[in-house]
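# Inside the fold
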Number of protein chains: 2
Amino acid sequence: MNVINESGILGISTRLQRLSEQLRRDGFQIYKANGIDFEPKWFPVIYTLHFKPVLSVVELAAEIGYTHPSTISLLKELEKEKLIRSKKDKQDERKRLILLTEKGKKLLQQMQPVWQTMVDALTELTNTSNNIMKAIEEVEAQLNDKSFMDRTKK
Amino acid sequence: MNVINESGILGISTRLQRLSEQLRRDGFQIYKANGIDFEPKWFPVIYTLHFKPVLSVVELAAEIGYTHPSTISLLKELEKEKLIRSKKDKQDERKRLILLTEKGKKLLQQMQPVWQTMVDALTELTNTSNNIMKAIEEVEAQLNDKSFMDRTKK
DNA sequence: TCAATATATGTAGCTAACTACGTATACTTG
DNA sequence: CAAGTATACGTAGTTAGCTACATATATTGA
């Protein structure tokens, strides 16, 4: 017996987390194999700044769908790597505006082809009869409609 | 623009992790709402010991599909809760055998109906056109066949 | 039979998200 | 226009898995 199979759906949380970790580890190795010093978790920040070049911390957090403390810790790492920089907002002194550095913009260009091979590989990998990206979206929509908790209260 | 949608599949790792966390938090609240002091992460250990009452640390880790250090840390928590206990294997002095306590067995009985409502709710929640449990299994099978990394090397 | 290897368990420290809380600045309203 | 509320940012500490390394016991083969 393998409890992961037997217990089925009650282990879903762990299954999701472990698949996530595996993909992330591989993602890191793929950047490395392409001579790029970049971590998968930085992707949403850098990618967002490509399209919205100047954002405050909270705006950026909202864009990438993270909490602001998580975003701040990513920004600290990216600042250490000199991929982003920040400046005060003159209109609103509370805000810190985030921008890509020249190094960040250059790296972004270098990563484009790697991203393309990753998108292709992931598309192939997840092109199964139940598409995992669609499945995630569907479950998120279901949860939005009625939480897991509420569904246990009949 | 929401980068989570735009960047699509490259953010898959984060998406998986966050869905995992959300379901786990709700799981904890559901136990609590039913007056049960139990954490979702403990489930695989307790459930396995229900069917295989005496297992060594490594055997248990293999059953639940975790590394042994992760398993040890779960066992420490469960021992503190007095839900499990352990004893030395007389045949092999290296081994520590894990068992449910009476309290553990009793709690397990109390949790059965809660597990049933959770299974029902999760089944409803994930009963979408792309089934997420099947999708996970399919992706894991794909990865087993050929890793993400190898798929980027054309 | 004992040296080399394998296995079982344990510890330390990492990771990548989170919540809770605190402070500074801006906005609103009586 | 000042008091209360809201917003922006930051810090501290938690979580639930992991890898790398260390030690103890068992097994194997020359």
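Everything in this summary refers to the structure shown in the same document. What you see is a predicted model, and the numbers here were worked out from it, not measured in a lab. (Residues numbered from 1 in each chain as written. Chains lettered and ligands numbered in written order. Predicted model: local features only at pLDDT ≥ 70, side-chain atom pairs only at ≥ 80, totals over all residues. Heavy atoms only, no water.)

## Here we look at the overall build of chain A
Across its full length, chain A carries 8 helices and 3 strands. Starting at the N terminus and ending at the C terminus, chain A contains elements arranged as α-α-α-β-α-α-β-β-α-α-α. For 154 residues, the compact-globule estimate of 2.2 N^0.38 gives 15 Å, and chain A exceeds it by more than 25% at 19 Å. If one aligns the C-alpha atoms of chain A with their principal axes, the spans along those axes are about 55 × 40 × 25 Å. The buried share among the 154 residues of chain A stands at 49%. Expressed as a percentage of contacts within chain A between residues at least 6 apart in sequence, the contacts between residues at least 24 apart total 45%. Accessible area for chain A stands at about 8,100 Å²; split by element, carbon and sulfur atoms hold 49% of it. Here chain A contributes 25 positive and 21 negative side-chain charges, whose respective centroids are spaced 4 Å apart. (Helix = DSSP H or I, 4+ residues; strand = E, 2+ residues; numbered from the N terminus. Rg over C-alpha atoms; globule rule 2.2 N^0.38 Å. Buried < 20%, exposed > 50% of the residue type's maximum accessible area, 1.4 Å probe, protein only. Contact = heavy atoms within 4.5 Å. Areas by Shrake-Rupley, 256 points an atom, 1.4 Å probe, with all protein chains shown as cover. Lys, Arg positive; Asp, Glu negative; His and termini not counted. Charge placed at Lys NZ, Arg CZ, Asp CG, Glu CD.)

## Brief notes about helix α3 (residues 43-51) of chain A
Of all 9 residues in α3 of chain A, 7 are buried; the element is thus mostly enclosed. Among the residues of α3 of chain A, those classed as buried are F43, P44, V45, I46, Y47, T48 and L49 of chain A.

## Notes on the sheet that holds strand β3 (residues 96-100) of chain A
Residues and elements named next belong to chain A. Spatially, the 3 strands line up as an open sheet ordered β1-β3-β2, and their pairing is antiparallel. A strand with exactly one partner marks an edge of an open sheet, and here the two such strands are β1 (55-56) and β2 (84-88). In the sheet, β2 pairs with β3 via 5 bridges, with the strands oriented antiparallel. Looking at the pairing, R85 lines up with L99 of β3. The strands touched by helix α5 (residues 68-80) are β2 and β3; relative to β2, the strand with the most contacts, the crossing angle is about 115 degrees. (Pairing = 2+ DSSP bridges. Axes fitted to C-alpha atoms, helices over the stretch in contact; angles between N-to-C directions.)

## Notes on the protein's contact with DNA strand D
Neighbouring residues of DNA strand D: 24 residues in total, closest V58, K76 and R96 of chain A together with K41 and S70 of chain B. Close to the protein, within 4 Å, the atoms of DNA strand D are drawn from sugar and phosphate at a rate of 71%. Between DNA strand D and the protein, one listed contact pairs a phosphate oxygen with a side-chain N or O atom of Y66 of chain B at 3.1 Å. Within the backbone of E93 of chain B, one N or O atom sits 2.9 Å away from a phosphate oxygen of DNA strand D. Counting residues per element, the ones that place at least two in the surface near DNA strand D are α2 (12-33), α4 (57-64) and α5 of chain A together with α5 (68-80) of chain B. When its residues are assigned to classes, the surface near DNA strand D shows 6 nonpolar, 6 polar and 12 charged. (Near = heavy atom within 4 Å. Polar contact = N/O pair within 3.5 Å; in protein donor to acceptor, adjacent residues only side chain to side chain. Nonpolar A, V, L, I, M, F, W, Y, C, P; charged D, E, K, R; others polar.)

## Details of the relation of the copies chain B and chain A
For the pair chain B and chain A, the best superposition has an RMSD of 0.1 Å and corresponds to a rotation of 180 degrees with a translation of 0.0 Å parallel to the axis. Those values place the two copies in the arrangement expected of a two-fold rotation axis. Both copies contact each other with a shared surface, as 100% of the interface residues of chain B are interface residues in chain A too. (Least-squares fit on C-alpha atoms with pLDDT ≥ 70 in both.)

## Description of helix α6 (residues 102-125) of chain A
The first and last C-alpha atoms of α6 of chain A sit 34 Å apart over 24 residues, in line with the 34 Å expected at 1.5 Å per residue. Burial in α6 of chain A covers these residues: G104, L107, L108, M111, V114, W115, M118, A121, L122 and L125 of chain A. Against the buried residues of α6 of chain A lie α2, α3 and β3 of chain A together with α2 (12-33), α7 (132-145) and α8 (148-151) of chain B. (Expected span 1.5 Å × (residues − 1).)

## Considering the interface of chain B and chain A
Note on interface size: it is often stated as the accessible area lost on association of the parts. If you look at the interface, chain B gives 68 residues, while chain A gives 68 residues. On the chain B side of the contact with chain A, I9, L10 and F148 of chain B bury the most area, a combined 11% of that side's loss. Our count for the chain B to chain A interface comes out at 6 salt bridges. One salt bridge connects R15 of chain B with E137 of chain A, and the closest N-O pair in it is separated by 3.8 Å. At the junction of chain B with chain A, the criterion picks out 26 residue pairs in polar contact (both at pLDDT 80 or more). Mapped onto the side of chain B that touches chain A, the elements with two or more residues apiece are α1 (3-6), α2, α3 (43-51), α4 (57-64), α6 (102-125), α7 and α8 of chain B. Per-element accounting of the side of chain B that touches chain A gives the leading share, 17 residues, to α2 of chain B. (Buried area = accessible area lost by both parts, 1.4 Å probe. Salt bridge = Lys/Arg side-chain N within 4 Å of Asp/Glu carboxyl O.)

## Some points on the protein's contact with DNA strand C
In the neighbourhood of DNA strand C, 26 residues make up the surrounding shell, with K41 and S70 of chain A together with V58, R94 and R96 of chain B lying closest. What you see for DNA strand C is that sugar and phosphate hold 72% of its atoms within 4 Å of the protein. Between DNA strand C and R18 of chain B, the relevant distance is 3.5 Å, taken from a phosphate oxygen to a side-chain nitrogen or oxygen of the residue. For the surface near DNA strand C, the secondary-structure elements that each account for two or more residues are α5 of chain A together with α2, α4 and α5 of chain B. When residues in the surface near DNA strand C are grouped by element, the largest group, 5 residues, is from α2 of chain B. Residue composition of the surface near DNA strand C, grouped by class: 7 nonpolar, 6 polar and 13 charged.

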